[in-house]
Structure formats: C-alpha cells, structure tokens
Amino acid sequence: MQTDLIQEARRQAEICNACRYCEGYCSVFPALHRERAFSDGDITQLANLCHNCRGCYYACQYTEPHEFALNLPKALAEVRHDSWKSHAWPQGFATLFDKSGVAIGAGLLLAFTFLFVLAQALRPESGEGFYAYMSHGLMVAVFAPAFLLPLAALAVSLRGYWGTVGGGSLAVSDIWDACRSAGRMKNLEGGHGDGCNFEDEDRFSHARRHFHQATLYGFLLCFASTSSGTVLHYGFGMEAPYGLFSLPKLFGVPGGILLCIGAAGLAWLKTKADRNLGAPKVWGGEMAFVLLLFAVSATGLALYAATGTGAVGWLLPVHLGTVLTFFLLTPYSKTAHGFFRMAALTKEAASKRAAAI
Amino acid sequence: MAPEPDIVIIGGGNAALCAAMTAAEAGARVRILEAAPKPYRGGNSRHTRNFRCMHSGPLGPLIDRYSEDEYFEDLLKVTGGKTDETLARLAIRLSEECLPWMEAHGVRFQPSLSGTLSLARTNAFFLGGGKGLVNAYYRTAEKLGVEVSYEAPVTHLEFDENRIVRVDYTQNGETHHVSPKAVIVASGGFQADIDWLTRAWGPAAQNFLIRGTPYNRGVVLADLLDQGVEQVGDPTQCHAVAIDGRAPKYDGGIVTRLDCVPFSIVVNKHAERFYDEGEDVWPKRYAIWGRLVAAQPYQVGYVIIDAKSINLFMPSVFPPIKADTLEELAAKMDLPADKLLKTVDEFNAACGDTSSFHPTELDGVSTTNLTPPKTNWARPITEAPFYGYSLRTGVTFTYLGLKVDENAQCSIGNRPVANMWAAGETMAGSILGQGYLAGFGMTIGTVFGRIAGREAARYAN
Ligand SMILES: Cc1cc2nc3c(=O)[nH]c(=O)nc-3n(C[C@H](O)[C@H](O)[C@H](O)COP(=O)(O)OP(=O)(O)OC[C@H]3O[C@@H](n4cnc5c(N)ncnc54)[C@H](O)[C@@H]3O)c2cc1C
Ligand code: SF4
Ligand code: SF4
C-alpha cells in the first residue's frame, strides 16, 4: 500500500482525534476515537468505513487555506481506493482499478464482439425468445465462470483485507449489524437524519442516499430475477421467456427501472459534486462504472421491450456484453467497494461489540 | 446596485447571524458585512462546540434539568461575583427557548462528545461543531433574503449626535459607504490585534497565541470607544488558557488544548516548577494556567510526564516529544538537563503512597514538604519513555466591550444610541467581568443576537 497516502490520512486522523466535533456524523469517528495511535491497518479500515458523505469536510474549521489542511473525505478516499488495489487478486489485475474507464470501454467492445460472433456462429436451430438467438447451454457456459471466477478472486481479496485490518472472529450479529447499516445507508444519513453533503456544498440532502438505495436495491432485484430464473429453469423445468407475472419479471422489471434511475441519478450528482473531496484521479473511472451500471439496466429493459422483434438479435449481445463486462471487472472496479464496505462494517460491528464488553 | 439595507450587521459569527435571521424574519432588509473571506467566515463561533442551556426538563440532547438558579450560581463561581445579575439572568432564562429556535434555523445537536461527559446535562453540542452551526445559519439567512458581503471589513461608523448616519467599509481595495436605518455591532473582541494586547497586557503578550480567528482585531470597537460610546469590562484582561506551544499563531482552535497537566510536573525555561499541577480537576484549572505560563520567562512552560500517564488524557493534536531518558528529553526540549533531573528527583522524593491514585477524581495523592506542592495525582516521574509538551498562553477572547442594556442597545454620553445595538463577544463584558463558563459565549451571542435583531427591526420598520 502507498505509505504516503496512509501517512496523510493518519496525520488528519490524529487532528480529528484531538477535535471530535464530527463524532455524530458517521461510523468513522467513533471508530477513530477508540484508538490513540493508528496502524496502517486501522487507517485502511477507517477508509473503508467512510462513505464519502463529506459532512466532516464542510463542517471542518481546519480545511484549506488553514495550515492543518483537513480534507478527510479525500484522504480516506485515496487510501480506500489504494487498499482495493493492493488487495486485488491476482495482483496483476490491480492496475485495472486505475484504468476503469479504459477497461470498461475495452471490455464492452470485446464482450459484445465475442458474444455477437458466438451467437452468430452457434445460432441454435430452434428455441424461444432469446434462446432463439443463443442457446441456454451457451449462456451458462459463458456466464457461470464469468460470475463465479470474479467472486472467487474477490473472496481472496477480502481475506487479505481482513488480515490487514486485524479482523478477528465474528458473531452473526456483526453481519446482521453491517447489513442493517448498509441497507439503510445509515452513514449517508448524516447522524441527524438530514442526509449528506454532496451536490451543493454544505446543504444536506437525501439525493445521494436515495439514488444509492435505488441502485443497490435495483441491483439486488436484478440479481434475484436471474437467480429465480435459474431456479425455475433447473428446479421446475420452466424455461424462459417468462410472462410478466413470473418471478423473474416481477423482480427484474422493477429492479431494472430502479437501477436505471439510481445509476443515472448518481452520475448526475457526480457531475455536481466537488471532485477534490474524493480521489480526483479515479473520478473518470468511477463515472464510467456508474454509466456501465446504467447501461446494464437500460439495455436489459430495452431487451424486454423488444421481445418478439428482430432487435433482439443485436440487443441481446449488447446487454449480455454489459453484464459480462460488469461481472468480469467486479474485483477490479468500483463494484468491489460494496464488498469491502460490507467487510469494514462487519469489522466495525465486531470492534464495537468487543469494546462494549 | 442593491437597494440600501434597512439594517447593517457588522460581523459574520453566531451573534451576527442570529441577529440577521431575526431581523429578516421581522421583515427588515438585512446586510451582513463580514471581514473574513468565505472559507473563514464565522469568527470564533466556527471554533465552538456547544452552548450552555437552562432547561426545566429533558430538552433536545440535554438530560435531566438545569435551573436558572443553578446556572446563575455556576456563573457567580467563575466570575467571582463580577456579573451583571439582570443581564446574566436574562441570558440564562432565554437560553431555554434558544435551543428549539436554533433547531428551527438549521442547527443540529449531538450527544455530549466522548471525553466531555461532565457537560452532558448543561451544554448542548452542535453536530459538526461551530462551523456546522455557522453553515446552517448562513443557509437559513440567505433563504430569508439576508445579503452577505465577505472580505468587507468595517472601518468607521459616523455619528450625528446619538445616531449612526454612515457605515464605512472596504472591499476590493476600495472604501464604500452605506447609510442603513439601524446598525448591529457583532464583530467580537480585539484579541487578534497583538499590538493592542501588548499595550493592555505588557510585552509578554507578544508571545501569546490567539486561539481563534485573526479577523477579530477590534477595529469597530476602538472606533466606537474613541467616539465616546460607553464601554464596559477591564481593558487589561483577556481569557487565556495554556495550550500546546506548537500551535499556530492564530486559529489553532480546540485541538491545541492539552489535558495532561494534572498528571505531570510543569517547569519553566529554567526547569523549575512554579505551581501546584494537581490543584483541581483540569476543566476547573484550564483557565488559570494561561496566566501562570504568561508569567514565566519567555511565556513558556514544559510539561513532563512518564509512560504510566501517557494514556490518561485526551490525545493531543501533535505527538508529544518522546525520549528514553530525562537527559535526552531535556536536550530535545532545550531545557538545562542537570536542573531538570534535580527538579524531578526532588519531586519524586516528595511523592508518597500512590495506591489511592485515581485519574478522574481529586485523589489526595500529594507531595510532602515540597514547594510548590502537588496536591493530587502526585506520582513520581520514573517510567521510561518520558514525554514532554511545551505550553504557551492561548488567548480566547478579551473582556473590554460595548455596554448594553436589556435591549442590547448601546449608549453614548448617558443616552442610548438611537439606532445601534450590539451582540456577542463585543458586549459580553456587560455580563461577565472576569472568568468564563464553558458554553456561555454562544448563549450570550444567541440571546442578545436575537434581541438586537428584534429591536433593530422594530426601529427600522
Ligand atoms: C477555540 C475556541 C473554542 C470555543 N468554544 C466555545 C464553546 O464551545 N462554547 C461557547 O459558548 N463559546 C466558545 N468559545 C467562545 C465563542 O467562540 C465566542 O463567545 C462566540 O463565538 C462569540 O460570537 P460572536 O458572534 O460575538 O463573535 P465571532 O464569532 O468571533 O464573530 C465575530 C465576527 O466579526 C467579524 N469581524 C471582526 N471585525 C470586523 C470588522 N471590522 N468588520 C466586519 N466584520 C468584522 C469576524 O470576521 C467574525 O465573523 C470558544 C472560543 C474559541 C477561540
Ligand atoms: S474533520 Fe475537522 S472538525 Fe471534524 S473532527 Fe476532524 S478536525 Fe474536527
Ligand atoms: S466523509 Fe462522511 S462518512 Fe466519511 S469520515 Fe467524513 S463524515 Fe464520515
């Protein structure tokens, strides 16, 4: 990990520890105030707890031009980003984090071409809906490894993270705590429930929290849609296409719409917010990631709308191309943040529990 | 050009903002002239963390109750009786309705911060501290139509008999004039003008650090006093505490505070002790150490502690100086080593039974036959590594100010200034002659800011 980034975050954390004015905003400060000295692992953990709500920047009396030059959201964002990179597995792919925009662009192009050519070459004789264009067997052959391998890589990364931050044994309640916190986006509520600072300097709003919720729940619903499809297919021998009142559609359509709205909203907010309160160098890559999410959901909905028309022939590889890119880049793009965030929240729940004993 | 405002408010801190919102809500056209640029707006108010609030039952973040009489007693204790009872009781009584008013104007509270549990009943803490409060007020004020000019220091107020007829200020290197119907002065004390402090206190003041904003230079205060506006408060006095000697000259704020004195010995440049470090719990002795250090050569003190005490106090903003031996510590701190060893030896020899040591209570663990004695928490300095901090005098505010009545109105030559009111630090001397009670500064600013806003709007409408 980059020691200069950690050192800068540590310098700022020490000032915060003498100040404590921001204690009520989020989980970072109570965790910070439990320590007197900060190891590299402590700083990495604090960085992954931080949701970049920016409350502590706008409320800080020591931001530049003050000589203490506090900008905790930025310092933590840079460590956070660096920690994903240094825990990436295999390490050779870590640089993808810095080139997310390029990686996503190239990934899309390659995935689309690959799937298009594959679909053309192996066009099934028969089949309904999209299976008329690409057989179920082929889809599974491509997507099962594209889904499972990145997850395995991510699991290795997270194990490394757990070691770095000194995570110990866990209780079920810790995971439940973390899920509750993430489910509510508690750390974007601002402590007072007025939301966070993002798009309009020190004005508190729920915009980012709500768009993030839409993205998260939209994503989970889409995932549930695919999972329920798999269960129906294998468990009950019910094959796609599914009707509007089937589980895959009941999850997938609202999920796709939510994800669309959420991702578009986050992208829009991102254009309004001050880039210097995040990690400025990866702004472009993060934007590309949000747009990719938008593309996943928008093409998915378009594909559904196009059911029965010839557009399916090219929409299908486009949509599947976005999904494939998204899956493959999961351990090396902003998608990873969700997993690291859950790990950090779980670790924080465990530490809080230990401190309370 | 915007139309002339009805009311000009001088200053951009808590008192100014409370006055501005109140006057704007009463229908007046208000303009704030703030000397500081936007990132530094809000004066000393941006450094605060809480305000002291009377309450007859649980209120917002405050538990239990805190009665008018108890509050007033607390004030009398710290001011040694130098308190204007009418104004003080007015501030105390009105503080209770301030809390919901502050919330309605955007301030959010949080439970008492870790390390400050002793204030959980009496003081309501602002979420995000004073800058969070100031930001919320600026947002609310702007929504109410208050116009704000930054980097617009006021230089002069022109009188015609007992009325202000013109306000002069500079902006972008040019002098401007406005002639509002009414003026509210909320521009704080004069502590950032080191020359003035030096004239009042003596040459020692050159070495003082100013804990808050560099913009409170007392320009308006001096201008008004020169013209005969009634003054109050001892011009030679300021509130000063002992802070980390490495703090910046200005604006170091809360983080430069050091809480380690009770567990230490404190020596001067000659490595001699000069006062009982264990006289009382630190919050009660915080303020006297500013003066004690100011009286030492070069206005500096040195705190010496050992390994067993290093975790007993709130972490410091800068790490302590650390050494494996006292000689090495002396060298690092530029103290005479032989002298320091002797002082520590004498102190250690005077320590007795330390078994009843208790860091948060007056434990009576004291030295015997030592001058000055250490009357609590006296444990020998023996365990390496040894740690040191330098201490300097940090000035919080000055007491000299404008004399006001219950309506926050100023006077000149025994009659009221017809159209001028004052609020906050600049008139706090009307209430407190000496001493200070944590959180009372923001109470005075909020209560009298609202009164001044109301009265000025009534006059202007
Ligand atoms: C580090 C620190 C911590 C503190 N903590 C607390 C606390 O927790 N609770 C508490 O009650 N009190 C606290 N105080 C005291 C408190 O800050 C003051 O009592 C309070 O802020 C005074 O408010 P005010 O509006 O009168 O002055 P300020 O907030 O200082 O505002 C004065 C304003 O006037 C402006 N100004 C000055 N000269 C001119 C000019 N010529 N023209 C135009 N504008 C001018 C300044 O830029 C500033 O905006 C603290 C003080 C310090 C230094
Ligand atoms: S961000 Fe600034 S105001 Fe907040 S705790 Fe840190 S130093 Fe204090
Ligand atoms: S940016 Fe928000 S979440 Fe991050 S440390 Fe600051 S207040 Fe906490």
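Residues numbered from 1 in each chain as written. Chains lettered and ligands numbered in written order. Predicted model: local features only at pLDDT ≥ 70, side-chain atom pairs only at ≥ 80, totals over all residues. Heavy atoms only, no water.

**Q** I would appreciate a short explanation of the overall build of chain A in the present structure.
**A** The helix and strand tally for chain A stands at 13 helices and two strands. By residue count, 53% of the 357 residues in chain A fall in the buried class. Sequence separation of at least 24 residues holds for 74% of the intrachain contacts in chain A that already meet a minimum separation of 6. Roughly 15500 Å² of accessible area belongs to chain A as shown, and the carbon and sulfur atoms make up 66% of that amount. The positive charge centre, built from 28 side chains, and the negative charge centre, built from 26, are 2 Å apart in chain A. (Helix = DSSP H or I, 4+ residues; strand = E, 2+ residues; numbered from the N terminus. Buried < 20%, exposed > 50% of the residue type's maximum accessible area, 1.4 Å probe, protein only. Contact = heavy atoms within 4.5 Å. Areas by Shrake-Rupley, 256 points an atom, 1.4 Å probe, with all protein chains shown as cover. Lys, Arg positive; Asp, Glu negative; His and termini not counted. Charge placed at Lys NZ, Arg CZ, Asp CG, Glu CD.)

**Q** How do you make sense of the overall build of chain B when you look at a structure like this?
**A** Secondary structure assignment for chain B yields 11 helices and 20 strands. Taking 461 residues into account, the globule formula puts the C-alpha radius of gyration at 23 Å, and chain B, at 23 Å, falls close to it. For chain B, contacts bridging at least 24 residues in sequence account for 73% of all contacts bridging at least 6. With the model as given, the accessible surface of chain B reaches about 17000 Å², and the carbon-plus-sulfur share is 50%. Where the 44 positive side-chain charges of chain B centre and where its 53 negative ones centre are 3 Å apart. (Rg over C-alpha atoms; globule rule 2.2 N^0.38 Å.)

**Q** Explain the domain arrangement of chain B here, please?
**A** Put simply, an interface is often sized by how much accessible area is lost when its parts join up. Residues and elements named next belong to chain B. Domain boundaries assigned for chain B yield domain 1 (7-193 + 399-460) and domain 2 (241-394). The centre of domain 1, based on its C-alpha atoms, is set 36 Å off from the matching centre of domain 2. Contacts between domain 1 and domain 2 engage seven residues on the former and five residues on the latter. Here domain 1 packs against domain 2, burying approximately 480 Å² in sum over the two surfaces, 50% of which is carbon and sulfur. (Domains from an automatic or database assignment. Buried area = accessible area lost by both parts, 1.4 Å probe.)

**Q** I'm lost on the site of ligand 3 in this one. Help?
**A** The local shell around ligand 3 consists of Tyr25, Cys26, Val28, Phe29, Cys50, His51, Asn52, Cys53, Arg54, Cys56 and Pro73 of chain A. Class assignment of the residues belonging to the shell around ligand 3 gives a composition of eight nonpolar, two polar and one charged. (Near = heavy atom within 4 Å. Nonpolar A, V, L, I, M, F, W, Y, C, P; charged D, E, K, R; others polar.)

**Q** Which parts of the structure should I look at to understand the site of ligand 2?
**A** All names here are of chain A. In the vicinity of ligand 2, the contacting residues are Ile15, Cys16, Cys19, Arg20, Tyr21, Cys22, Phe29, Cys56, Cys60, Gln61 and Tyr62. At three residues, the largest contribution of residues to the shell around ligand 2 is made by helix 1 (residues 3-19). Looking at the shell around ligand 2 residue by residue, the classes come out as nine nonpolar, one polar and one charged.

**Q** Can you walk me through the sheet that holds strand 8 (residues 163-171) of chain B in this structure?
**A** Where strands meet in a sheet, backbone hydrogen bonds hold them as pairs that are either parallel or antiparallel. Residues and elements named next belong to chain B. Judged by pairing direction, the sheet is antiparallel, and its three strands sit side by side in the order 7-8-9 without closing on themselves. In the strand order of this sheet, the two ends are held by strand 7 (154-160) and strand 9 (174-178), each with one partner. Each strand axis lies, on average, 25° off the axis of its neighbour in the sheet, ignoring direction. Relative to strand 8, strand 7 runs antiparallel, the two sharing six bridges. By the bridge assignment, Glu158 is partnered in strand 8 with Arg166. (Pairing = 2+ DSSP bridges. Axes fitted to C-alpha atoms, helices over the stretch in contact; angles between N-to-C directions.)

**Q** I would appreciate a short explanation of the sheet that holds strand 6 (residues 147-149) of chain B in the present structure.
**A** Residues and elements named next belong to chain B. The six strands lie next to each other as 6-2-1-10-20-19, forming an open sheet whose pairing is mixed. The two strands at the open ends of the sheet, each matched to only one other strand, are strand 6 and strand 19 (409-412). Pairs of neighbouring strands in the sheet enclose a mean axial angle of 30°, with direction left out of account. Sheet analysis places strand 1 (residues 7-10) next to strand 2 (residues 30-33), joined by four bridges and oriented parallel. Bridging across to strand 2, Ile10 finds its partner in Leu33.

**Q** Explain the environment of Phe130 of chain A to me, please; I cannot follow it from the model alone.
**A** All names here are of chain A. Tracing the chain through its elements places Phe130 in the loop between helix 6 (100-121) and helix 7 (136-164). Spatially, the C-alpha atoms of Phe130 and Gly313 are 8.1 Å apart, while their sequence positions differ by 183 residues. Aside from chain neighbours lying at most four places away, what touches Phe130 is Met139, Ala240, Leu303, Val312 and Leu316.

**Q** Help me understand the side chain of Gln213 of chain A in this model?
**A** If you trace the backbone, Gln213 of chain A turns up in helix 9 (residues 207-236). Excluding its chain neighbours within four sequence positions, the residues that come into contact with Gln213 of chain A are Gly183, Arg184, Met185 and Gly218 of chain A.

**Q** Sorry if this is basic, but what is going on with the environment of Leu133 of chain B here?
**A** With respect to the secondary-structure elements, Leu133 of chain B resides in helix 4 (residues 129-143). As for Leu133 of chain B and Ser430 of chain B, which are separated by 297 residues in sequence, their C-alpha atoms are 25 Å apart.

**Q** Mind showing me how you'd approach the interface of chain B and chain A here?
**A** Taken together, the contact between chain B and chain A spans 37 residues of the former and 31 residues of the latter. For the pair chain B and chain A, the two sides together bury roughly 2700 Å², of which 51% comes from carbon and sulfur. Summed over the three residues of chain B that lose the most area to chain A, namely Leu127, Arg139 and Pro315 of chain B, the buried surface amounts to 21% of that side. Between Arg139 of chain B and Asp200 of chain A there is a salt bridge; the shortest N-O distance is 3.5 Å. Summed over the shared surface of chain B and chain A, the number is 21 residue pairs in polar contact (both at pLDDT 80 or more). Counting residues per element, the side of chain B that touches chain A draws most heavily on helix 4 of chain B, at six residues. (Salt bridge = Lys/Arg side-chain N within 4 Å of Asp/Glu carboxyl O. Polar contact = N/O pair within 3.5 Å; in protein donor to acceptor, adjacent residues only side chain to side chain.)

**Q** Help me understand the pattern of salt bridges in this model?
**A** A side chain with one charge may pair with a side chain of the opposite charge, provided their charged atoms come close. Residue and element names in this part refer to chain A. Within this structure, the stated rule accounts for 40 salt bridges over all chains. A salt bridge links Asp174 to Arg353, with the nearest nitrogen and oxygen atoms 2.6 Å apart. One end of the pair, Asp174, is in helix 8 (residues 172-184); the other, Arg353, is in helix 13 (residues 336-356), with 179 residues separating them in the sequence. Assessed through its relative accessible area of 2%, Asp174 is described here as buried.

**Q** Before we go on, may I ask you to explain the environment of Trp176 of chain A in this structure?
**A** Looking at the element boundaries, Trp176 of chain A is found in helix 8. In sequence terms Trp176 of chain A and Cys60 of chain A are 116 residues apart; their C-alpha atoms lie 32 Å from each other.

**Q** I keep staring at the packing of helix 3 (residues 40-49) of chain A against helix 5 (residues 72-87) of chain A and nothing clicks. Help me out?
**A** What describes two packed helices is the angle between their axes and the distance between those same axes. All names here are of chain A. The N-to-C vectors of helix 3 and helix 5 enclose an angle of 105°; their axes lie 8 Å apart at closest approach. Looking at the two axes, helix 3 sits roughly perpendicular to helix 5. Contact with helix 3, carried on its side by Ile43, Thr44, Leu46, Ala47 and Asn48, involves Leu76, Val79, Arg80, Ser83 and Trp84 of helix 5 and no other residues of that element. A breakdown of the residues in the contact of helix 3 with helix 5 according to their chemical character gives six nonpolar, three polar and one charged. (Parallel < 35°, antiparallel > 145°, perpendicular 65-115°, else oblique.)

**Q** Hey, could you run me through the packing of aromatic side chains in this one?
**A** Two aromatic rings are characterised by how far apart their centres lie and by the angle between their planes. In this structure the tally under the stated criterion is 35 aromatic pairs over all chains. For the pair Tyr57 of chain A and Tyr58 of chain A, a centre-to-centre distance of 5.1 Å together with 90° between the ring planes defines the contact as edge-to-face. A residue is classified by how much of its surface remains accessible, and Tyr57 of chain A, at 18% relative accessible area, is buried. The exposure class of Tyr58 of chain A is buried, given its relative accessible area of 12%. Measuring from centroid to centroid gives 6.1 Å for Phe109 of chain B and Phe126 of chain B, while their planes differ by 50°, and the two rings are tilted. One end of the pair, Phe109 of chain B, is in strand 4 (residues 109-110); the other, Phe126 of chain B, is in strand 5 (residues 123-126), and 17 residues separate them in sequence. Phe126 of chain B matches Phe109 of chain B in its accessibility class, with the two residues each being buried. One aromatic cluster is present, built from ring pairs that chain together Phe143, Phe147, Phe219, Phe223, Phe289, Phe326 and Phe327 of chain A. Over the aromatic face of Phe313 of chain B sits the side chain of Arg36 of chain A, whose NZ or CZ is 5.3 Å from the ring centroid. (Phe/Tyr/Trp six-rings, centres within 6.5 Å; stacked < 30°, edge-to-face > 60°. Lys NZ or Arg CZ within 6 Å of the ring centre and 35° of its normal.)

**Q** How do you make sense of a nonpolar patch on the surface when you look at a structure like this?
**A** Residue and element names in this part refer to chain A. A cluster of nonpolar side chains, Leu244, Phe245, Leu250 and Tyr304, forms an exposed patch at the surface whose accessible area comes to about 430 Å². For Leu244, the location among the structural elements is in the loop between helix 9 and helix 10 (247-272). Classification of Leu244 as partly exposed rests on a relative accessible area of 45%. (Patch = residues over 30% accessible without salt bridge, like charges linked within 9 Å, V, L, I, M, F, W, Y side chains within 5 Å.)

**Q** What should I look at first to understand the state of the cysteines in this one?
**A** Taken as a whole and judged by the stated rule, the model has zero disulfides over all chains. For Cys260 of chain A, which is in no disulfide, the shortest distance to another cysteine sulfur is to Cys222 of chain A and amounts to 8.9 Å. On the basis of relative accessible area, Cys260 of chain A is assigned to the buried category, the value being 13%. Between Cys260 of chain B, a cysteine without a disulfide, and Cys351 of chain B, which holds the nearest cysteine sulfur, the sulfur-to-sulfur distance is 17 Å. (Disulfide = S-S within 2.5 Å.)

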